[in-house]
Amino acid sequence: MDEEYEVIVLGTGLKECILSGLLSVDGVKVLHMDRNDYYGGESTSLNLNQLWKKFRGEEKAPEHLGASRDYNVDMMPKFMMGNGKLVRTLIHTDVTKYLSFKAVDGSYVFVKGKVQKVPATPMEALKSSLMGIFEKRRAGKFFSFVQEYDEKDPKTHDGMDLTRVTTKELIAKYGLDGNTIDFIGHAVALHTNDQHLDQPAFDTVMRMKLYAESLARFQGTSPYIYPLYGLGELPQAFARLSAVYGGTYMLNKPECKVEFDEGGKVIGVTSEGETAKCKKIVCDPSYLPNKVRKIGRVARAIAIMSHPIPNTNDSHSVQVIIPQKQLARKSDMYVFCCSYSHNVAPKGKFIAFVSTDAETDNPQTELKPGTDLLGPVDEIFFDMYDRYEPVNEPELDNCFISTSYDATTHFETTVADVLNMYTLITGKQLDLSVDLSAASAAEE
Amino acid sequence: MPSRRRTLLKVIILGDSGVGKTSLMNQYVNKKFSNQYKATIGADFLTKEVQFEDRLFTLQIWDTAGQERFQSLGVAFYRGADCCVLVYDVNSMKSFENLNNWREEFLIQASPSDPENFPFVLIGNKVDVDDGNSRVVSEKKAKAWCASKGNIPYFETSAKVGTNVEEAFQCIAKDALKSGEEEELYLPDTIDVGTSNQQRSTGCEC
């Protein structure tokens, strides 16, 4: 380990592994370390015994639940948007060759006391029971506008400058009602709260377009895809990319201590009495706790079940978004379910998650609206974790710290953080559009 | 979901750094050898079509990509392997002694459904070095180890000059095929996310 590297990455979370892969492909000499003996850090997938150890102390899991190795329980449950940034990153790096994906069966929203399928196209809007007959026509017109909107073509703007007009004003123009606004804002545009209504509408429209494009991408019943064997596959896939391009991997390295010079600039990492030198550090918040600040907490529940989530048309993989207003909360609640059909549980078993930004100290009570949707559960675990963001100046200390994962059930914020860090570290913008152009060319 | 008939067989190659794992793969698939040693860079997996009884199979041979150097292979690397190749250097007693660790690591990480009968193949590489004068692991000792692990096949090779490489991989392919056919894997329908190469290739054709 007493060697010299350009970048040392600490923690093998998904963000850190993507960065390790990208930097190694760029020819950067990377050392990647983790205190755990598995990949994934906070974003890993645990087998049954690991799950029991984490949440129930040292207990062995009950035998009736099946083989431990058959479980891959995500610690950060999220689906991938079919046309989203993570898929584009996977294609850009060719990491898809290490992975297999399935389309997610369903995308639902909890509105008016019911779990309902999310429409995202004019056609779907007309069939949806979410809206009455007149509201359907208004929503259909709105979806058509969004679908046709092209930033560069003023004819599609319907006389509005979306960089000035707010989302609220745009929606008012189409006369949509409160429940429609809720499901569009939260289950299609995937906003986590209602602040977007007072912001320029451009972002919301682009998000809605992403949702529709993702839906069309794999001709699925939802805009999401998900890897076989769970999300823990993703950090491992990017780590392998890094290794293939020369990255050095050291799992099971306790006490990774970051060393600084007198000027406060990073010079290396010490572990087990050996020091590796480097010019830059990339890490998750847990490795440099003095350089991060708490920005909130996430409450989550993890359940093992023997049935799909009720009212989701027997979906083996599903997301249900509960918009904040439906619960009189400040932020949305997310319900996520996957199953043996994604090889994350033994035959007949389902894994469900409920998560939200915590607003109380009691996750069990706070998550009740979500856990009530699950029906009977075989086992359930409740947890709370803190979220952090960096407060250091990377240009002063050369430390690049990722922000903790949020409660959302998609990866767009995760990859945005990665791309921003990549630019800070390298000074370069990662161009993910080339492959999409190729994809578009393929479609034509 | 109904299981799909196996046409892709996964083989993984394990062993200490520097025993010649990557060179063996390259010699078998590409008939190439590089004298330049660096801890593996750029090796990933290689594929080779093999034919048995009028059926064509794709052998997918996975290198460790250097992650074995500090015992940092992930569970995904091991998953779904149909055969495990263990490699040691006949000139390095340490690499032979570590075979037990590699075999046990495989059984823990891969958790095969029938661990007693999972197919391993042992390769003793670098028999060409110094015309055999620096050899420290005898063939007898290696064969005794194989016998103690359920009579697994043993080959002595030189990736450099190509000695026995083809024979070793023929055996590996045969064992992988037998293992792959016996395993009734649950293979969900997957979607094609598409690789850059495919996209670019298709784009060029437009």
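Residues numbered from 1 in each chain as written. Chains lettered and ligands numbered in written order. Predicted model: local features only at pLDDT ≥ 70, side-chain atom pairs only at ≥ 80, totals over all residues. Heavy atoms only, no water.

By the naming in UniProt, chain B goes by Ras-related protein RABG3f and is assigned to Arabidopsis thaliana. Of chain B, the UniProt comment under Function (literature references left out) reads exactly: "Essential for trafficking from prevacuolar compartments to vacuoles. Involved in the trafficking of newly synthesized protein to vacuoles. Essential for plant growth. Participates in the recruitment of the core retromer components to the endosomal membrane by interacting with VPS35A." For the record of chain B, the UniProt heading Subunit holds the text "Interacts with VPS35A." (UniProt positions renumbered as here; feature names shortened; annotations may be inferred.)

Going by the annotation in UniProt, the name recorded for chain A is Guanosine nucleotide diphosphate dissociation inhibitor 2, with Arabidopsis thaliana given as the source organism. What UniProt records for chain A under Function is the sentence "Regulates the GDP/GTP exchange reaction of most RAB proteins by inhibiting the dissociation of GDP from them, and the subsequent binding of GTP." As its UniProt record puts it under Sequence similarities, chain A is described as follows: "Belongs to the Rab GDI family."

(A) Here's a closer look at the overall build of chain A. Helices and strands together make up the secondary structure of chain A, namely 15 helices and 20 strands. The globule rule puts the C-alpha radius of gyration for 444 residues at 22 Å, and the 22 Å found for chain A is close to it. Referenced to the eigenvectors of the C-alpha coordinate spread, the extents of chain A come out at roughly 70 × 55 × 45 Å. Sorting the 444 residues of chain A into buried and exposed places 61% on the buried side. Looking at chain A as shown, the accessible area adds up to about 17,600 Å², and 48% of this sits on carbon and sulfur atoms. Of note, chain A has its 49 positive side-chain charges centred 4 Å away from the centre of its 61 negative side-chain charges. (Helix = DSSP H or I, 4+ residues; strand = E, 2+ residues; numbered from the N terminus. Rg over C-alpha atoms; globule rule 2.2 N^0.38 Å. Buried < 20%, exposed > 50% of the residue type's maximum accessible area, 1.4 Å probe, protein only. Areas by Shrake-Rupley, 256 points an atom, 1.4 Å probe, with all protein chains shown as cover. Lys, Arg positive; Asp, Glu negative; His and termini not counted. Charge placed at Lys NZ, Arg CZ, Asp CG, Glu CD.)

(B) Local environment of the overall build of chain B. Within chain B, the secondary structure is distributed over 7 helices and 6 strands. For chain B, the sequential pattern of α-helices and β-strands runs β-α-β-β-α-β-α-α-β-α-β-α-α. Buried positions account for 49% of the 206 residues belonging to chain B. A sequence separation of at least 24 residues applies to 72% of the contacts in chain B between residues at least 6 apart. (Contact = heavy atoms within 4.5 Å.)

(C) Highlighting unusual backbone geometry. In the Ramachandran plot, N311 of chain A falls in the positive-phi region, its phi being about 65° despite a non-glycine side chain. Within the secondary structure, N311 of chain A is located in the loop between strand 15 (292–305) and strand 16 (318–322). Since its relative accessible area comes to 60%, N311 of chain A is described here as exposed. Positive phi is not limited to glycine here, since Q71 of chain B has a value of about 50°. Mapped onto the elements, Q71 of chain B comes out in the loop between strand 3 (55–62) and helix 2 (75–78). Classification of Q71 of chain B by relative accessible area gives exposed; the value is 61%.

(D) Up close: the pairing of strand 8 (residues 114–117) of chain A. Residue and element names in this part refer to chain A. One ladder, built from 4 bridges, connects strand 7 (residues 106–111) with strand 8; its direction is antiparallel. Looking across to strand 8, one finds that F110 is bridged to V115. Between the antiparallel neighbours strand 7 and strand 8 lie 2 residues, among them K112 with a positive phi of about 55°. (Pairing = 2+ DSSP bridges.)

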